[in-house]
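Fold and contact review
Spelled out, the chains give:
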Amino acid sequence: MSNLKTGNAPSLSVVVPHFIFSALSFLCLTVFIFLTGTDVLGPYFNSKLLAITHLAVLGWASMLAFGALYQLIPVVFETALYSELLAKITFWIFAIAIFLLVYAFWTSAFGTTLLYASSLMFIALFGFIGNVLLSQRRGKQNIQSRYVVTAILWLLLTALFGLLIAINFRYPFLSQIHLHYLKIHAHLGLVGWFVILIVGVSSSLIPMFLISHSPNEDKLNYAYYLINGGLLLLGLDWLVLQGTMLIPVYWLSISLGIIFYLMFVWEVYKKRLRKELDIGMKHTLISVLSMLLPILLSLTVMLKLDFENSFQLRATTLYGFSIIFGLITPIILSQTYKTLPFIVWLHKYKQLVGKFKTPLPKELYSEWVATLQFYSYNLAVIVLILAITSNNIWMIRLGSCFLLITAVLYNLNVFKIIFHKVKTESIST
Amino acid sequence: MKDPDEIRVIESDLEQILYGVMDPEIELNIVDLGLIYLLEYDGLKKVVIKMTFSTPACPLGDAILMNIKQSITNVYPEFEVAIEVVFEPAWNSDMISEKGRMLLGM
C-alpha cells in the first residue's frame, strides 16, 4: 500500500471556499443579467457587459475550476497538490481581485481601479499557475496532464493581455484600439484556458463516470495539436498582422480539433457500461455537444455573411454567450454534482464507513432540485439564444428569470451539500 | 490453527462481508465490480486481500479500504486484515460479474 495514491486529496478548507464563492458569484451574475437585460443586446464593449462577463469567467467559472482542479490534481497527475497554503493565499487574492475588477467595470472606472484590480488578478493567477505547475513536475505525464498544463499557460497569457490592456487605459502605449486586444484576450481565455481545460479534464472524468475503459487516445492527441496550433496562429495573426487571410486556416484547425474531441467522447459514450445516465452526466454530454454552436457562429462572423450589421453584432454576442452559457456553465453546473458531494462525503464519512451505515454521496443533495435546475437552465439558454437572435428585450427578461431560478436552485443544493450533517445508522451484523 | 474446511467457511463468510462494501461512485459492491483479486485466511488471525481500484488514483480509495477493514473487524474483531492494492493486472470492465452487469443495467 506504500505506493497508493488515493490519499492525496487536499483538505476541505482548500477546496470548499472556491465552491462557495463560485456559487454566490453565479447568483450575483444572474441578478446582474436580470437587472441589465438591455445591455446584453448592445455592443459587447460596454462596461456593464464587461463586468458581467468577467464575473462569469472569473468569479463563477475560473473560481470553481481552481477548486475543482486542486481536487482533481491527485486524479490527473497522481500526486498531491504542491502547497495547500499557497492555494489558500491565492484564493483570497483572487477573490479580492474579482471584487475590484467587477466593480471597476461596473462603474466604468477604467483608470487606476482597473489597473490595481488587474495587477492583483495577475498575482493571484500567477500563484495558482505556479502551484499547479509545481504539482505537475512531480506527477504523472500523460495526455490529460499535458492539456491541463497547456490550459494554465494560456491562462497566464490571458492574464498578461488583460493586465496590458488595463495599463494601456491608464498609460496609453498600445498601437491598436482596445477592441483589437480584447478579441485576443477573450479568445486566449475562452478557448485557450476554458476549452483546453474542459477537454483535458473531461477526457479523464467522462470515461471514469460512464465506466468506459480504454478509449483510443489518438483523437485526443490530434485535438491537442489542432486546437493549440490554431490558437497560436490566431494569437500571432491578430497580434502581428491584425487579422489576415489566415483566419480560415485557424478556424478550421480549432474546429477540427474540437470535432476530434467530440469523436473521442462519442467513442466513450458508445463503450460505456453504465447505460442509464444521471442528471449530471446528461447535462455534461449536452454541454459537450453544444461546442458545435460556437463553431457555427464563428463561421457566420468570419465569413461576414450578408446579414444586416446589427445581426453581425448579435452573432458576436451570441458566439461569446454560446461558449460561456452553452459549454462552460452547464459543465460546471453538472460536474458540481459529480465532485462536491464526494469531497464532502469523504471528509464527513471516511472515518465512519464500515462502522455505521452511511448515506451515499449522491444522497447529500436533492435530486429533485438538481432535475428542476437542469430544466430551468436549458429553458434559460434556449430563450436567451432566441432573444439575442431576434433582438427581443422581453425574451431577454424571461430568459434571465429562468437563469435566476437556476442559480437559486444550484445554490440551494450546493449549500445543502456543504452544510450536510452527519447521519449514521447502526449496522446489524 | 483451523482445519481446511473451517478456513473455507470463514473465507466464504469474509467474501459475503465484502459484498456489503460499496464503491460509492459506481454504487456497486467491490466483489461484483471485480476489484478483489485474492482473499486468503491463514487459519489463525490473518486475512490477506489483494485488490485493485477502477482507476489508480481513485479518490475514494482510502474510504473503500477503511470500509473493508472495519466491516471485517465488526464480525471478527480478533482478525488482522492486510490489504495489498495492485494495478497489475489493471482493472477493466470485463472483470464485472454477471450480477454486477445486471445491477448496472448493462
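Residues numbered from 1 in each chain as written. Chains lettered and ligands numbered in written order. Predicted model: local features only at pLDDT ≥ 70, side-chain atom pairs only at ≥ 80, totals over all residues.

**A look at the overall build of chain B**
When you go through chain B residue by residue, the secondary structure sums to three helices and five strands. Over its C-alpha trace chain B gives a radius of gyration of 14 Å, about what one expects of a compact globule, namely 13 Å for 106 residues. Seen along its three principal axes, the alpha-carbon backbone of chain B occupies a region of about 40 × 25 × 25 Å. Out of the 106 residues belonging to chain B, those deemed buried represent 38%. (Helix = DSSP H or I, 4+ residues; strand = E, 2+ residues; numbered from the N terminus. Rg over C-alpha atoms; globule rule 2.2 N^0.38 Å. Buried ≥ 20, exposed ≤ 12 C-beta atoms within 10 Å, placed from the backbone.)

**So, the overall build of chain A**
Broken down by element type, chain A carries 14 helices and two strands. Taking 429 residues into account, the globule formula puts the C-alpha radius of gyration at 22 Å, and chain A, at 21 Å, falls close to it. Taking the principal axes of the C-alpha coordinates as reference, chain A spans close to 75 × 45 × 45 Å. A sequence separation of at least 24 residues applies to 80% of the contacts in chain A between residues at least 6 apart. (Contact = placed C-beta atoms within 7 Å.)

**A word on the packing of helix H8 (residues 218-241) of chain A against helix H9 (residues 247-270) of chain A**
In helix packing, the relevant descriptors are the interaxial angle and the interaxial distance, both defined with respect to the helix axes. All names here are of chain A. Here H8 crosses H9 at 155°, and the two axes come no closer than 7 Å. Comparing their axes, H9 and H8 come out roughly antiparallel. The chirality of how H8 crosses H9 is left-handed. Where H8 abuts H9, its residues Lys219, Leu220, Tyr222, Ala223, Leu226, Ile227, Gly229, Gly230, Leu231, Leu233, Leu234 and Asp237 lie against Val249, Tyr250, Ser253, Ile254, Leu256, Gly257, Ile258, Phe260, Tyr261, Met263 and Phe264. Of the residues assigned to the contact of H8 with H9, the class counts are 17 nonpolar, four polar and two charged. (Axes fitted to C-alpha atoms, helices over the stretch in contact; angles between N-to-C directions. Parallel < 35°, antiparallel > 145°, perpendicular 65-115°, else oblique. Left-handed = near helix turned anticlockwise from the far one by under 90°. Nonpolar A, V, L, I, M, F, W, Y, C, P; charged D, E, K, R; others polar.)

**Quick look at the packing of helix H1 (residues 4-18) of chain B against helix H2 (residues 61-75) of chain B**
Residue and element names in this part refer to chain B. Running from amino to carboxyl end, H1 crosses H2 at an angle of 130°, the nearest separation of the two axes being 10 Å. On the basis of the axis angle, H1 is oblique to H2. Here H1 and H2 pass one another in a crossing that is right-handed. In contact with Leu14, Ile17 and Leu18 of H1, H2 contributes Ile68, Ser71, Ile72 and Val75.

**Remarks on unusual backbone geometry**
The omega torsion across B:Glu88 and B:Pro89 is -5°, close enough to zero to call that bond cis. Of note, B:Pro89 is situated in the loop between strand E5 (80-85) and helix H3 (98-103). In this model, A:Ser108 sits at a positive phi of 55°, which is unusual for a non-glycine residue. Relative to the elements of secondary structure, A:Ser108 occurs in the loop between helix H4 (84-106) and helix H5 (112-137). The class of A:Ser108 is partly exposed, set by 14 C-beta atoms lying within 10 Å. Notably, B:Glu27 is not glycine yet its phi reads approximately 60°, a positive angle. Tracing the chain through its elements places B:Glu27 in the loop between strand E1 (22-23) and strand E2 (28-29). With 14 C-beta atoms packed within 10 Å, B:Glu27 lands in the partly exposed category.

**Quick word on the sheet that holds strand E3 (residues 36-41) of chain B**
Residue and element names in this part refer to chain B. Pairing is mixed in the open sheet, where three strands are placed in the order E3-E4-E5. The open sheet has two edge strands with one neighbour each: E3 and E5. The mean inter-strand angle of the sheet, taken between neighbouring strand axes irrespective of direction, is 15°. Sheet topology note: the E3/strand E4 (residues 46-51) ladder contains five bridges and is antiparallel. When the sheet's bridge partners are listed, Ile36 is paired in E4 with Met51. Taken strand by strand, H1 contacts E3 and E4, and its axis lies near 140° from that of E3. Sitting on the sheet, H2 touches E4 and E5, and the angle it makes with E5 is about 155°. (Pairing = 2+ DSSP bridges.)

**A short note on helix H13 (residues 367-390) of chain A**
A rise of 1.5 Å per residue sets the reference length of H13(A), with its 24 residues, at 34 Å; its end C-alpha atoms lie 35 Å apart and thus fit the reference within 8%. Within H13(A), the full set of buried residues consists of A:Ala370, A:Gln373, A:Phe374, A:Ser376, A:Tyr377, A:Ala380, A:Val381, A:Val383, A:Leu384, A:Ala387 and A:Ile388. (Expected span 1.5 Å × (residues − 1).)

**As for the interface of chain A and chain B**
At the interface, 27 residues of chain A touch 28 residues of chain B. For the side of chain A that touches chain B, the elements supplying multiple residues, two or more each, are helix H3 (47-76) and helix H12 (309-349) of chain A. At three residues, H12(A) tops the list of elements feeding residues into the side of chain A that touches chain B.

**Concerning the nonpolar core**
Residues and elements named next belong to chain A. Core analysis: the largest hydrophobic core is formed by 158 residues, its most contacted members being Ala61, Leu101, Ala151, Ile196, Leu197 and Ile227. When residues in this core are grouped by element, the largest group, 21 residues, is from H3. Once residues within four sequence positions are removed from consideration, Leu197 is found in contact with Ala65, Val148 and Ala151. (Core = buried A, V, L, I, M, F, W, Y, C linked by C-beta atoms within 7 Å.)

**Observations regarding the environment of A:Ala186**
Structurally, A:Ala186 is set in helix H7 (residues 178-210). Along the sequence, A:Ala186 and A:Gly320 sit 134 residues apart, while their C-alpha atoms lie 8.8 Å from each other.

**A closer look at the pairing of E4(B)**
Here E4(B) shows one buried face, formed by B:Val47, B:Ile49 and B:Met51, and one open face, formed by B:Lys46, B:Val48 and B:Lys50. Adjacent in sequence and paired antiparallel, E3(B) and E4(B) are bridged by four residues, among which B:Gly43 carries a positive phi angle near 90°.

**Side note on the environment of A:Thr339**
All names here are of chain A. The residue Thr339 is located in helix H12 in this model. Accessibility expressed as a C-beta count within 10 Å gives 21 for Thr339, which makes it buried. C-alpha of Thr339 to C-alpha of Ala68: the two residues are 271 residues apart in sequence and 7.5 Å apart in space. For Thr339, the contacting residues outside a window of four places in its chain are Ala68 and Gln71.

**Description of the confidence of the model for chain B**
Residues and elements named next belong to chain B. Model confidence for chain B is summarised by a mean pLDDT of 88, while 98% of its residues fall at 70 or above. Looking across chain B, the model is least confident in H3, with a mean pLDDT of 87, and most confident in E4, with 95. Taken together, the chains of this predicted complex give a pTM of 0.86 and an interface ipTM of 0.75. (pLDDT = per-residue confidence, 0-100.)

**A closer look at the environment of A:Leu231**
Relative to the helices and strands, A:Leu231 is located in helix H8. Those residues in contact with A:Leu231 that sit more than four places away from it in its chain are A:Val191, A:Gly192 and A:Ile254.

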